[in-house]
Structures are given as C-alpha cells and as structure tokens.
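Residue-level listing of the chains:
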Amino acid sequence: MKFSIDSKAPKAELLLISLFKGEDLSSAQQALIGKDFAKAFAARRKAKDFEGEKGQSLTFYPEKGSLKKIIVLGRGDKEGDIPQANEYWGGTLSSLCKGVKNVAITLPEEELEEQAYGFVLGSYEFMRYKKEDKKAPKLESVTFLTKDSKKAQAFLKKLAVFQESSATLRDLTNMPAGEMSTKDLEDAARKVCKTHKMKLTVFDEKKLRKMGCGGLVGVGQGATHGPRMVLMEYKFKAKSKQPNLAFIGKGIVFDTGGLNIKPTNYIETMKHDMCGAATVIATMEALALNKVPGYFLGVLCCAENAVSDRSIHPGDVLTAYNGKTIEVTNTDAEGRLVLADGLSYTEKNFKPKAMLDVATLTGAVSVALGPHLTGVLGNDQAFMDEVLAASRATHELAWQLPLDAVFTKAMKGSFTDLVNSQNTLRAGTSTAGAFLKEFVGKTPWVHFDIGGTAWADRPTPTTKYGTTAVVLRTFVEMAERSY
Ligand code: BES
Ligand code: ZN
Ligand code: ZN
C-alpha cells in the first residue's frame with residue numbers, strides 16, 4: 001500500500017470526506033465532488049438529513065471518470081473527544097476500503113500523522129490462516145488530500161517504514177505458539193539482521209548456563225525449545241563505541257504460568273507474551289529502514305514458560321547474571337526473571353547510554369491504566385521526561401507509575417536477596433518494576449509495561465483482533481532523538 005499527498009483525487013475509485021458536527025464542505029471539497037453533488041449535499045444538509053453526527057453518512061455515485069463512490073462521513077463533536085480520536089478515525093476510514101484499490105481521503109494538515117498511523121494500523125490483517133479472503137483485491141494506493149510540505153513528505157517515508165515494521169511485529173506476535181518457538185523468534189531476528197547487515201549474537205541454553213544467566217535458564221528449562229538471549233547490533237554513522245540506546249524485550253513465546261498454571265480465561269492469549277521481543281526486532285528493522293544514525297542494541301530474552309517435570313518449582317532459588325539470588329515464589333512471574341539477566345548483561349557488557357525495556361509484564365497494569373495507556377517506570381526522571389515527550393509526539397499514550405522504596409522493600413526475600421512475587425502490597429506493576437530495578441545500576445532506564453496495551457481484548461478501529469504494535473513508534477522516536 002503506497003501513500004501520497006495531492007490536492008486532486010487523480011485515479012481514486014473512492015473518495016472519503018469527513019465532517020465534524022455542523023461543519024460544511026469546504027470550497028476545496030466542493031470542487032472535488034463537483035457542482036452537482038455539492039448542490040445535492042447542500043440540500044440534504046438543509047433538510048437535516050446530514051448534520052455530521054457520528055455514524056451519519058451520505059454516499060454519492062459519480063457516473064464519469066475513475067471515481068465510483070464518494071462517502072461523506074459525520075465525525076460528531078470535535079470538542080471533548082478522547083486523545084486517540086484522530087488515530088481511531090483513520091482506522092475507521094481504513095475499514096471502508098474493502099475491495100477498493102485506490103482511495104483518496106480529505107483531512108486537515110494537523111491530523112495527517114494521527115489519521116495516517118490509524119489508517120495503517122486499521123488496515124492490518126493477519127491473513128496467514130484465511131485461505132478464502134486471500135483472493136480479495138488489496139488496497140494499493142492511499143492519497144491524502146491535504147497541504148503538501150517537506151515535513152509531510154518526510155512523514156510519508158516514516159509511515160511506509162511503520163507499515164512494514166508494525167506488520168513484522170504483529171505477524172510475529174499473532175502467530176500461534178505452536179509455530180513460534182524460541183528458535184523461530186531467534187530466526188526472525190536473524191532474518192532482519194541478514195537483510196539489514198546487522199551483527200547477530202545468540203546465546204543458547206548451554207552458554208547461558210555458563211554465563212550465569214539463572215533467570216533465563218530457570219524459566220526456559222521446562223520447554224523442549226530452550227531459552228536464548230539474542231543480541232542485534234545496528235551501527236550507522238555511529239559517533240561512539242557505546243550504544244546510544246539499548247532495547248531489551250521480554251520474549252516468552254508462551255506463558256502457561258508454569259507450575260503456578262494460569263486458569264481458563266487467562267491463558268488463551270499468552271502467545272503474545274513475546275510482544276516485547278517482537279517490538280525490539282521491529283524497532284531494529286525500522287531504524288535500518290529509516291537509516292537512523294547511531295549505534296543501537298536490541299536484546300531479546302527468549303524462553304517458553306512451560307509445564308513439565310523439568311520446570312522450575314515454586315520455592316526454587318535462581319541466581320541471576322549479576323549474582324543476586326531469587327526465590328521463585330510464583331512461576332508465573334517469569335518475565336522479570338528473564339529481563340533481569342537481559343538488563344544486567346546489557347549494562348555490564350555494552351555500557352549503553354540508556355536502556356529501554358518492553359514487556360507484557362503484569363496483568364496489574366491493565367487494572368491500573370486500562371487498555372489505552374502503557375505503564376512506564378524508571379530510575380531517572382530526566383530520561384523519563386524524554387520518554388514521555390517521545391510518547392506524546394508519536395501519539396502512543398503512556399503514564400508514569402511510581403517506583404518508590406516501599407516497592408523495593410516488598411521484593412526482598414527472607415533467605416534470598418529477592419523474591420519474584422509478593423502478596424502484601426498489591427500494586428503489581430510497581431513491585432515488578434522495583435524487582436527489575438535491582439538489575440540496573442546507574443544507567444538511565446525506563447521500563448514499558450505493555451501488559452494492558454499489547455493485545456486488544458475488544459476490537460478497536462485500529463486493531464480488529466490481536467496485537468496492537470504499541471510502543472514501536474515511541475522506541476523509533478527515542479532512537480531518532482538520541483543522536
Ligand atoms: N505475562 C503475564 C502478564 C500478562 C497478563 C500480560 C495478562 C498480558 C495480559 C506475566 O508473566 C504474569 O503472569 N504476571 C503475573 C505476575 C504475578 C504472578 C506476580 C500477573 O500479572 O498476574
Ligand atoms: Zn507469567
Ligand atoms: Zn508472562
């Protein structure tokens with residue numbers, strides 16, 4: 001699907017015009033649809049057939065030229081709408097393009113980015129198992145009818161990269177666990193590294209054991225396909241020997257909960273517990289496609305949290321890469337165990353200027369923030385403020401949660417340095433963050449908990465089913481700002 005900006009709708013079969021409540025067609029829009037339809041529209045408007053209410057629409061069928069259909073859509077009240085309204089509107093427009101090859105969309109210049117991102121997200125479909133629908137015609141071109149500028153053209157380039165990298169992320173994470181082992185995840189990273197000439201390093205179970213990565217080894221030991229730590233290194237016009245940024249992702253290809261097994265209604269979607277790792281792979285791909293200058297490191301902490309006679313038991317003690325001992329009080333709190341090794345290994349061996357980790361770490365974050373806001377926690381407020389600014393700029397909503405000393409205290413063990421879960425404080429996202437903080441030294445670090453935002457339990461205009469690709473834009477933006 002190709003995107004362009006124009007003032008005319010040259011080859012489009014479908015023209016989409018959106019109006020807020022009470023808004024009239026602009027003179028440019030009138031010119032686009034032609035005198036006769038503009039007149040007909042004015043009459044319908046006068047008769048109160050169409051007032052721009054959300055859900056209202058008028059359809060016109062031109063008889064000459066390539067244009068076959070014009071839909072004027074109501075967007076309702078502009079005031080008081082939710083922050084993601086423009087992005088969702090883009091998603092809604094994408095769903096009107098079934099069976100259409102070329103579409104033109106009028107939109108205000110200041111809404112281009114949000115609507116276009118929403119359009120890309122909304123058009124994504126996971127087609128691997130839909131043999132029938134594969135034959136349906138695909139949307140080939142989208143023309144945004146808005147003011148052209150250098151900034152808008154630069155954005156279109158980024159949009160094309162987002163289209164590709166967000167599909168990589170979503171294809172990987174919508175894939176059922178039966179077809180996505182730790183080896184498959186490693187291979188997905190290898191493919192991106194090969195295409196974009198990045199360095200790939202893989203530590204398998206044997207090597208991880210030698211290295212002392214007790215978290216990864218412990219979580220992964222019950223599965224047929226062993227755990228792995230996968231490193232992806234991208235350098236382009238790098239000024240420093242230290243990575244500008246390291247991205248660390250939780251890559252649990254399936255989370256059964258382990259011996260603390262998850263019950264029905266909690267286990268079904270756990271193939272998406274590798275969204276963190278897939279976000280890192282997609283980020284590295286996007287950085288290469290955008291030719292972002294700098295040195296960036298991606299670290300995937302891959303394991304399957306399986307149930308078997310070899311699985312870790314509640315009460316087992318693991319020693320992480322940095323030497324801290326952990327009593328596994330709950331085998332379902334496995335994400336923090338694999339990230340513990342990923343964070344401390346990265347900091348010690350690469351000394352990045354800053355670290356960002358991303359993980360479907362807790363169910364608690366969706367209790368605190370719901371499905372639209374990602375929880376962010378960190379050890380350095382100045383760096384956190386940069387992250388929050390990047391998330392605002394890319395329209396990916398995030399909200400900072402606390403990492404106070406009370407949470408750190410709650411994660412201390414009675415006979416080990418740490419426990420991996422506690423029942424005294426609740427505040428599951430903060431206690432998980434406090435656990436991770438034990439594996440980060442002085443490096444500025446922010447942890448993204450996408451446990452509530454990575455998977456759409458209910459369909460939204462931008463995600464019909466499955467994973468949302470959340471945080472990818474913020475990561476790419478952070479990399480661009482880091483140089
Ligand atoms: N992968 C889950 C968290 C999760 C749940 C992500 C639902 C997305 C949707 C994680 O490994 C987990 O099970 N966390 C536990 C931690 C608890 C045992 C301390 C949780 O949040 O319940
Ligand atoms: Zn779990
Ligand atoms: Zn998990």
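In this text, all values refer to a predicted model and were calculated from it rather than measured experimentally.

Here we look at the sheet that holds strand β8 (residues 228-236)
Inference 1: Read from one edge of the open sheet, 8 strands run β7-β8-β10-β9-β13-β17-β14-β15, paired in mixed fashion. If you trace the sheet from one side to the other, it starts and ends with β7 (199-203) and β15 (398-400), each paired once. Between one strand axis and the next, the sheet turns through 20 degrees on average, direction left out of account.
Inference 2: Across the sheet, helix α9 (residues 275-289) is in contact with β8, β9 (245-255), β10 (294-305) and β13 (355-359); its angle to β9 comes to roughly 140 degrees.

A word on the coordination of the zinc ion (ligand 2)
Inference 1: For the zinc ion (ligand 2), every protein donor is listed as Asp255 (OD), Asp332 (O), Asp332 (OD) and Glu334 (OE), and the spread of their distances is 2.0 to 2.2 Å.
Inference 2: The site at the zinc ion (ligand 2) holds 6 donor atoms, and with the angles between them running 71 to 168 degrees, its shape is irregular.
Inference 3: Every donor residue of the zinc ion (ligand 2) comes from the same chain, spaced as D-x76-D-x1-E.
Inference 4: Judged by relative accessible area, which is 3%, Asp255 ranks as buried.
Inference 5: Judged by relative accessible area, which is 1%, Glu334 ranks as buried.

Looking at the coordination of the zinc ion (ligand 3)
Angles between donor atoms at a metal ideally measure 109.5 degrees for a four-coordinate tetrahedral arrangement and either 90 or 180 degrees for a six-coordinate octahedral one.
Inference 1: With distances of 2.0 to 2.4 Å, the protein atoms coordinating the zinc ion (ligand 3) are Lys250 (NZ), Asp255 (OD), Asp273 (OD) and Glu334 (OE).
Inference 2: Around the zinc ion (ligand 3) sit 6 donor atoms; with metal-centred angles ranging over 77 to 172 degrees, the donor geometry is octahedral.
Inference 3: In this structure, the zinc ion (ligand 3) lies 3.2 Å away from the zinc ion (ligand 2), the two metals sharing Asp255 as a donor. With Lys250 in strand β9 and Asp273 in the loop between β9 and α9, this pair connects stretches of sequence that are 23 residues apart. The pair Lys250 / Asp273 is uniform in exposure class, with both members buried.

The rules we used
Residues numbered from 1 in each chain as written. Chains lettered and ligands numbered in written order. Predicted model: local features only at pLDDT ≥ 70, side-chain atom pairs only at ≥ 80, totals over all residues. Heavy atoms only, no water. Pairing = 2+ DSSP bridges. Helix = DSSP H or I, 4+ residues; strand = E, 2+ residues; numbered from the N terminus. Axes fitted to C-alpha atoms, helices over the stretch in contact; angles between N-to-C directions. Contact = heavy atoms within 4.5 Å. Donors = N, O, S within 2.8 Å, 3.2 Å for Na, K, Ca; no water. Tetrahedral: all angles 85-135°; square planar, octahedral: opposite > 155°, others 65-115°. Buried < 20%, exposed > 50% of the residue type's maximum accessible area, 1.4 Å probe, protein only.

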